[in-house]
Amino acid sequence: MTMSKRDTYTPDTLLAVAVGVFIERGYDGTSMEHLSRAAGISKSSIYHHVRGKEELLSRAVGRALDELFGILDEPEACDGRAVDRLEHVTRRTTRVLMEEVPYVTLLLRVRGNTRTERWAVERRREFDLRVSELLKDAVAEGDLRADVEVRLATRLLFGMINSIVEWYRPDVRGAVDGEQVVDAVVRLAFDGLRR
């Protein structure tokens, strides 16, 4: 996404450009010069909005993390049987991933080389742990199989969901409908996990 100097840009459009460049070049391989060229604005214009590229990274991964953690606060994730809450979280996580593909893609690619990346990795672990707890509760309530170790089941579940960023392209002609993807993920996961 390249903007001409005459285009109006906002912090959100600048963030979208930065996310695209970070995904293409890698965070470490991206300079402020790369970002200014991609945005079609001067580096000083970027600095008018942010302190530097790490702030852009923080905003981008923060957006994905806020969406994911917001799911855990939804009423359907907090009340009822653990298996139903887990299914809700699985369904909503898949939707969020598809709605926020670039931001979640970037989140999944951070490795912990900077303070912001370490923070993001830790938050991802926290999210995974909370989902693992739901899975463990569903096993204890007798709704899910007990013969698959909880951490392994959690990793496999998120492996399936997170792989969507590699192939889901809603803007491609003939793309799979998002709801079909959500239903398939839930059906495949819970048909295998339920007792």
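Right above here is the structure, for reference.
What counts and what doesn't
- Residues numbered from 1 in each chain as written.
- Predicted model: local features only at pLDDT ≥ 70, side-chain atom pairs only at ≥ 80, totals over all residues.
- Heavy atoms only, no water.
- Salt bridge = Lys/Arg side-chain N within 4 Å of Asp/Glu carboxyl O.
- Helix = DSSP H or I, 4+ residues; strand = E, 2+ residues; numbered from the N terminus.
- Buried < 20%, exposed > 50% of the residue type's maximum accessible area, 1.4 Å probe, protein only.
- Expected span 1.5 Å × (residues − 1).
- Arc of directions from axis to C-beta.
- Contact = heavy atoms within 4.5 Å.
- Polar contact = N/O pair within 3.5 Å; in protein donor to acceptor, adjacent residues only side chain to side chain.

Scanning the entire structure with this criterion turns up 18 salt bridges. Between arginine 63 and glutamate 100 there is a salt bridge, with its nearest N and O atoms 2.9 Å apart. Taken as a pair, arginine 63 in helix 4 (residues 53–72) and glutamate 100 in the loop between helix 6 (82–99) and helix 7 (101–109) lie far apart in primary sequence, 37 residues in all. For glutamate 100, a relative accessible area of 11% gives the class buried. Across the salt bridge formed by arginine 109 and glutamate 166, the nearest N and O atoms sit 3.9 Å from each other. Of this pair, arginine 109 sits in helix 7 while glutamate 166 sits in helix 10 (residues 164–167), placing them 57 residues apart in sequence. Overlapping salt bridges bring together Glu87, Arg91, Asp183 and Arg194 as one network.

Its 16 residues give helix 11 (residues 178–193) an end-to-end C-alpha distance of 23 Å, which sits within 8% of 22 Å, the value for a rise of 1.5 Å per residue. Every buried residue of helix 11 is accounted for by Gly178, Val181, Val182, Val185, Val186, Ala189, Phe190 and Leu193. Taken around the axis of helix 11, the buried residues stretch over an arc of 135°, which confines them to a single face. More than 90 degrees from the buried face of helix 11, the exposed residues found are Leu188 and Asp191. For helix 11, the secondary structure elements touched by its buried residues are helix 6, helix 9 (150–162) and helix 10. For helix 11, the capping residue at the N-terminal end is aspartate 177, with a side-chain oxygen 3.1 Å from the backbone nitrogen of glutamate 179.

These values are about where atoms sit, not about what they do.
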